[in-house]
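These are the residues of each chain, in order.
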Amino acid sequence: MLRTSRGVGFAVRLLTNSHATLKSLNLHPDLVRLVQPTHGLVLVCGPTGGGKTSTLAALLQEINLREARHIITIESPVEYALPPRKSFIRQREVGRDTPSFEQALLDPEVMRLTLAAAETGHLVLATMHSASVAEALQRLVGAFAQLEQQR
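This write-up is about the structure you can find in this document. (Residues numbered from 1 in each chain as written. Predicted model: local features only at pLDDT ≥ 70, side-chain atom pairs only at ≥ 80, totals over all residues. Heavy atoms only, no water.)

Some points on the nonpolar core
One broad rule of soluble globular proteins: the nonpolar side chains tend to lie buried together.
Then comes step 1: In terms of nonpolar packing, the biggest core is built from 18 residues, with Val35, Leu59, Ile63, Leu123 and Leu125 touching the most fellow members.
Then comes step 2: When contributions to this core are tallied by element, the ones reaching two or more residues are strand S3 (40-46), helix H1 (52-66) and strand S6 (123-129).
Then comes step 3: A per-element tally of this core places H1 first, with 6 residues.
Then comes step 4: What Leu123 contacts, discounting residues up to four positions off in sequence, is Leu34, Val35, Pro37, Thr38, His39, Gly40, Val42, Ile63 and Arg69.
Then comes step 5: Grouped together as the second largest cluster of nonpolar side chains are 5 residues, Met111, Met128, Ala136 and Phe144 included. (Core = buried A, V, L, I, M, F, W, Y, C linked by side-chain atoms within 4.5 Å. Buried < 20%, exposed > 50% of the residue type's maximum accessible area, 1.4 Å probe, protein only. Helix = DSSP H or I, 4+ residues; strand = E, 2+ residues; numbered from the N terminus. Contact = heavy atoms within 4.5 Å.)

What to know about the pattern of salt bridges
Then comes step 1: Applying the stated criterion to the full structure yields 3 salt bridges.
Then comes step 2: Taking the shortest distance from any N to any O, the salt bridge between Arg66 and Glu62 comes out at 3.1 Å. Separated by 4 residues within a single helix, Arg66 and Glu62 lie in helix H1, roughly one turn from each other.
Then comes step 3: Owing to a relative accessible area of 48%, Arg66 belongs among the partly exposed residues under this scheme.
Then comes step 4: Notably, a salt bridge pairs Arg69 with Glu67, separated by 2.9 Å at the nearest N-O pair.
Then comes step 5: The class of Arg69 is buried, set by a relative accessible area of 17%. (Salt bridge = Lys/Arg side-chain N within 4 Å of Asp/Glu carboxyl O.)

Remarks on unusual backbone geometry
For residues that are not glycine, phi is negative in most cases, and the peptide bond is trans in most cases.
Then comes step 1: Its identity as a non-glycine residue notwithstanding, Asn26 has a phi of 60 degrees, on the positive side.
Then comes step 2: By secondary structure assignment, the location of Asn26 is in the loop between strand S2 (7-9) and S3.
Then comes step 3: Overall, the relative accessible area of 71% leaves Asn26 in the exposed class.

Remarks on the pairing of strand S4 (residues 70-75)
Then comes step 1: Of the two faces of S4, only the one carrying Ile71, Thr73 and Glu75 is buried; His70, Ile72 and Ile74 on the other face are not.
Then comes step 2: In this structure, S4 lies alongside strand S5 (residues 88-93), joined through 6 bridges in parallel fashion. Each residue of the ladder has a partner; that of His70, found in S5, is Phe88. (Pairing = 2+ DSSP bridges.)

Geometric descriptors of this kind do not, in isolation, establish any biological role.
Right, here's the structure in full:
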């Protein structure tokens, strides 16, 4: 619910109860190669409504169907329920399980920890609103102070 100049309003987002897979989304099967490594950083970027969340859900489902891993998500809202198959899955929702995205993943300290996780043996997948790869990288680097960017 939100307040507007004309009174109270609300936004509705329809969520699906289907399971996203690369095949069901008609995505190229070679995308599974993005989640085969056990460490690194995968950013799924694009505009609002461009399919970032669905693509990420399909990639997570590929892991879930193939490997015994521990998957943790932070979402607003949880759009695709991932029933565990081979992986242990914890889906966290902003507002219910964590107070805010800022505290969950946008804070520079958390971003630093996320990048450190990717560097030290964890596979990190994330979405980012951006019009291009260059803009996504600028936003990622721009989250840190100028002195930290040079490290």
